[in-house]
Amino acid sequence: MSKHQVTLQVNGKTVAAEVEARTLLIHFLREQLNLTGPHIGCDTSHCGACTVDLNGRSVKSCTLFAVQAGGGELLTIEGMAAPDGTLHALQEGFREMHGLQCGFCTPGMIMRGYRLLKENPNPSEDDIRFGIAGNLCRCTGYQNIVKAIQYAAAKLSGASVKEAAE
Amino acid sequence: MIPGSFAYHRPKSIAEAVALLADLGDQARPLAGGHSLIPMMKLRLAMPEHLVDLGRIAEIKGIRAEGGDIVIGAMTTQHELIVDAGLAGKLPILRETALAIADPQVRYVGTLGGNVANGDPGNDMPAVMLFLGATYHVAAKRGERRIAARDFYQGAYFTALEPGEMVTAIRIPVPPAGHGHAYEKLKRKIGDYATAAAAVILTLKQGRVATCSIGLTNVSETPLWAEEAAKIATGSTLDAATVKKAAAAAEAITSPAADNRGPAAYRKKMAGVMVARALARAQSRAA
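Here is what the cut-offs are and how they apply
Residues numbered from 1 in each chain as written. Chains lettered and ligands numbered in written order. Predicted model: local features only at pLDDT ≥ 70, side-chain atom pairs only at ≥ 80, totals over all residues. Heavy atoms only, no water. Pairing = 2+ DSSP bridges. Helix = DSSP H or I, 4+ residues; strand = E, 2+ residues; numbered from the N terminus. Contact = heavy atoms within 4.5 Å. Axes fitted to C-alpha atoms, helices over the stretch in contact; angles between N-to-C directions. Salt bridge = Lys/Arg side-chain N within 4 Å of Asp/Glu carboxyl O. Polar contact = N/O pair within 3.5 Å; in protein donor to acceptor, adjacent residues only side chain to side chain. Core = buried A, V, L, I, M, F, W, Y, C linked by side-chain atoms within 4.5 Å. Buried < 20%, exposed > 50% of the residue type's maximum accessible area, 1.4 Å probe, protein only. Domains from an automatic or database assignment. Expected span 1.5 Å × (residues − 1). Buried area = accessible area lost by both parts, 1.4 Å probe. Nonpolar A, V, L, I, M, F, W, Y, C, P; charged D, E, K, R; others polar. Phe/Tyr/Trp six-rings, centres within 6.5 Å; stacked < 30°, edge-to-face > 60°.

**A short note on the sheet that holds strand E11 (residues 180-186) of chain B**
All names here are of chain B.
Item 1. As summarised here, the arrangement of the 4 strands in space is E11-E12-E13-E14, forming an open sheet in which the pairing is antiparallel. One side of each edge strand has no neighbouring strand; the edge strands of this open sheet are E11 and strand E14 (224-225).
Item 2. Where strand E13 (residues 208-217) meets E14, 2 bridges bridge the pair, whose relative direction is antiparallel. In the strand pairing of E14, Gly 215 is matched with Trp 225.
Item 3. Docked against the sheet, helix H5 (residues 92-99) engages E11 and strand E12 (196-205), running at close to 15 degrees with respect to E11.

**Some points on the interface of chain A and chain B**
Item 1. Each partner contributes to the interface: chain A provides 32 residues, whereas chain B provides 31 residues.
Item 2. Counting across the interface, chain A meets chain B through 2 salt bridges.
Item 3. Between chain A and chain B we count 13 residue pairs in polar contact (both at pLDDT 80 or more) in total.
Item 4. It is strand E4 (residues 57-60) of chain A that provides the largest number of residues to the side of chain A that touches chain B, a total of 4 residues.

**With respect to the nonpolar core**
Item 1. Judged by nonpolar contacts, the single largest core of 39 residues is most densely connected at Leu 94, Met 125, Met 129, Leu 132, Tyr 136, Ile 170 and Ile 172 of chain B.
Item 2. Element by element, the count of residues in this core is highest for helix H8 (residues 125-132) of chain B, at 6 residues.
Item 3. When residues of this core are assigned to domains, at least three fall in each of domain 2 (62-173) and domain 3 (182-285) of chain B.
Item 4. If sequence neighbours within four positions are ignored, Met 125 of chain B has contacts with Gln 78, Leu 81, Leu 94, Thr 97, Ala 98, Ile 101, Leu 112, Asn 115 and Val 116 of chain B.
Item 5. In terms of nonpolar packing, the next biggest core, distinct from the first, is built from 34 residues, Leu 25 and Val 52 of chain A together with Leu 31 and Ile 38 of chain B among them.

**Digging into helix H11 (residues 240-252) of chain B**
Residues and elements named next belong to chain B.
Item 1. Its 13 residues place the ends of H11 18 Å apart at the C-alpha level, agreeing with the 18 Å of an ideal helix rising 1.5 Å per residue.
Item 2. Inspection of H11 places Thr 242, Val 243, Ala 246, Ala 247, Ala 249, Ala 250 and Glu 251 among the buried residues, and these make up the whole buried set.
Item 3. Next to the buried residues of H11 lie E13, helix H10 (227-233) and helix H12 (264-285).

**A few points about the domain arrangement of chain A**
Residues and elements named next belong to chain A.
Item 1. Looking at the assigned domains, one finds that chain A contains domain 1 (3-79) and domain 2 (89-157).
Item 2. Put simply, the middle of domain 1 and the middle of domain 2, counted by C-alpha atoms, are 21 Å apart.
Item 3. Opposite the 18 residues of domain 1 that make contact, domain 2 presents 13 residues.
Item 4. A combined buried area of about 1200 Å² lies between domain 1 and domain 2, and 60% of that area is made up of carbon and sulfur atoms.
Item 5. Residue Arg 115 pairs with Asp 53 through a salt bridge whose shortest N-O separation is 2.8 Å.
Item 6. Taken together, domain 1 and domain 2 are joined by 7 residue pairs in polar contact (both at pLDDT 80 or more).
Item 7. Sorting the residues of the side of domain 1 that touches domain 2 by element identifies strand E3 (51-54) and E4 as the ones contributing at least two each.
Item 8. For the side of domain 1 that touches domain 2, the residue count by class is 6 nonpolar, 9 polar and 3 charged.

**Focus on unusual backbone geometry**
Residue and element names in this part refer to chain B.
Item 1. Unusually for a residue other than glycine, Arg 44 sits at a positive phi of about 60 degrees.
Item 2. Since its relative accessible area comes to 39%, Arg 44 is described here as partly exposed.
Item 3. Notably, Ala 102 is not glycine yet its phi reads approximately 45 degrees, a positive angle.
Item 4. Structurally, Ala 102 is set in the loop between H5 and helix H6 (104-109).

**Looking at the packing of aromatic side chains**
Residue and element names in this part refer to chain B.
Item 1. Across all of its chains, the model carries 4 aromatic pairs over all chains by this definition.
Item 2. With a centroid separation of 4.9 Å and 85 degrees between ring planes, the pair formed by Tyr 136 and Phe 152 is classed as edge-to-face. With Tyr 136 in strand E6 (residues 135-140) and Phe 152 in helix H9 (residues 149-152), this pair connects stretches of sequence that are 16 residues apart. Side by side, Tyr 136 and Phe 152 carry an identical accessibility label, which is buried.
Item 3. Centre to centre, the rings of Tyr 136 and Tyr 153 are 6.3 Å apart; their planes meet at 85 degrees, and the pair counts as edge-to-face. On the criterion of sequence distance, the pair formed by Tyr 136 in strand E6 and Tyr 153 in strand E8 (residues 153-155) is long-range, its members being 17 residues apart. Here the two residues Tyr 136 and Tyr 153 agree in accessibility, since each one is buried.

Shown next as structure tokens:
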């Protein structure tokens, strides 16, 4: 068995831990760091429920080893709201636009939406649909997820959110 | 699903990586983006004792022009191919093909080198490398060599790579300015491998096809270079009768397996349909 010391930034805090080489990033997050926001859905890199942001990219944490993330900068759903509890625009958007039903896919959707809006702050509906193609939702039919991301895009760019919500 | 135990190595240079691969022998696998290998390890269909992670080797990343060629480091990700402005101008087929691969998360991590070196007939880039006439730079402890993409693929997951060797870069001759291109991929859903896919690049002279090359994905044990189909298209205006003949010639060299994507006869037929569509789209884009 091969053990490795990893140090990385997780939601703005430095984390140092010992991991087995074969430990997948999703298991490291959920079981060693108790960050259970990222979910294990399909466990085959299809569904995107385990999506987190690593070094400025959305990644499926079920298909990376924790040791590969060593030295990196990681953001999970737990790091999205402000320290005072104010929701991130995407979280607010999912609430306001009914972007979730069971909520299982939501952490992955929001983390993917986060990177999508960083790269393309003003996406078209098609851009959003193509951009979240690696995240599956079995409840909503995606319509309200798209609206939630549009809501966040409008809010983050300073446009009238009320208009986006209509 | 948790992979079996293995020892993890993270070399910082090609020299260090090939030394590890040579010393560890056939129990070692190089790890690129890992989006083919890690799922196999989770299913325990692959149980390497050693993984040599190529992710921190700076010298095998990036895209550079060299003479009339573009040389792409093996660890360059699909996402990096998509956003590279220089590539979009000179080799737009790579962007179009990369966008047809998997989904955004996978494209951020999956690499060109992994895609071409894995030997999976479902991967999209090998057929593109065949029809562009690319060459793979291969390193080993005993030295470097170059392998033409057209000589690389020998069977499903079976390539010209020998134990201890790794692909470090992909060298692609830049096609003539004004060429038209298209990658047509029929798939059931995002993230799926192709039911059939065709890549076309062509140039026009006074309305007729002056040069043409055609590649096919996932309709055989290996990617295919459809020479005969391209020969038929060359010199024509791509009238309906010629396109039909070219598509039939492409279908003739396929030998797809029946799978969830459809019976073999259907996938063969779709290879021809993809060729016809790709020819039309490449023609509409050519200057």
